[in-house]
Amino acid sequence: MSRIFITLLLTAGALLQIALKPWGVFGALELPILTGLMICIALHTEQSQIFYAAVLAGLLHDAFCPAPLGLSIPFYIALASAVNWIRDEVFGDLPATYILLGAAATVLETLYYAFVFTLSGLRPVSPLMLLMRLAGGLLAGATIVPLISLLVLKLRTMTLRNRRRFI
């Protein structure tokens with residue numbers, strides 16, 4: 001994937017994540033759109049592009065949420081590195097891969113933010129709220145991430161096909 005394609009994907013994903021209403025049932029959990037995009041990018045791009053994508057995703061996420069700027073960058077770098085590290089061991093085109101990776105990544109993201117917010121004193125997290133957000137993250141990651149990856153892979157094949165036609 002090119003940097004332009006990655007930038008457009010992540011910008012559109014951030015805007016969509018803002019536009020969609022958070023799940024109130026699960027403690028106002030936002031949908032893991034940027035997380036799903038990072039998983040798909042990490043599975044289908046070169047390692048040189050992954051760091052760029054992770055930093056951009058972290059900046060976009062922090063720009064549109066109440067967290068301090070730069071807080072999400074370590075999470076997205078760790079997620080992209082871990083997914084890229086195992087990409088030769090998993091099947092990158094199967095929905096089951098995205099279901100498992102999406103559920104695991106969303107749960108880890110929820111734990112990451114709960115840990116950071118509790119340690120920094122920005123927002124205390126009660127155990128019941130954390131449990132609700134973890135359950136919501138498990139469901140959201142298992143449903144949203146495969147849909148996002150399917151859309152990204154379709155867009156990628158469409159753009160590759162169009163590029164070949166004009167060459």
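Above this text you will find the structure in question.
Before going into details, it helps to say that this report is about the structure given with it. It should be emphasised that the depicted structure is a prediction, and the values quoted were computed from it without experimental measurement.

## Considering helix 2 (residues 33–44)
Step number 1: Counted at 1.5 Å a residue, the expected span for helix 2 with its twelve residues is 16 Å, and the 17 Å between its end C-alpha atoms agrees.
Step number 2: Counting buried positions over the twelve residues of helix 2 gives twelve, a clear majority of the element.
Step number 3: Among all positions of helix 2, only Ile33, Leu34, Thr35, Gly36, Leu37, Met38, Ile39, Cys40, Ile41, Ala42, Leu43 and His44 are buried.

## Let's talk about the nonpolar core
Step number 1: Ranked by internal contacts, the top residues of the largest apolar core, which has 41 residues, are Leu10, Leu37, Met38, Ile39, Tyr76 and Leu79.
Step number 2: When residues of this core are traced back to their parent elements, those giving at least two are helix 1 (3–19), helix 2, helix 3 (47–63), helix 4 (73–85), helix 5 (95–120) and helix 6 (127–166).
Step number 3: With nine residues, helix 2 is the single largest residue contributor to this core.
Step number 4: When near neighbours in sequence (up to four residues on either side) are disregarded, Leu79 contacts Thr35, Met38, Ile39 and Ala105.

How each quantity is defined
Residues numbered from 1 in each chain as written. Predicted model: local features only at pLDDT ≥ 70, side-chain atom pairs only at ≥ 80, totals over all residues. Heavy atoms only, no water. Helix = DSSP H or I, 4+ residues; strand = E, 2+ residues; numbered from the N terminus. Expected span 1.5 Å × (residues − 1). Buried < 20%, exposed > 50% of the residue type's maximum accessible area, 1.4 Å probe, protein only. Core = buried A, V, L, I, M, F, W, Y, C linked by side-chain atoms within 4.5 Å. Contact = heavy atoms within 4.5 Å.

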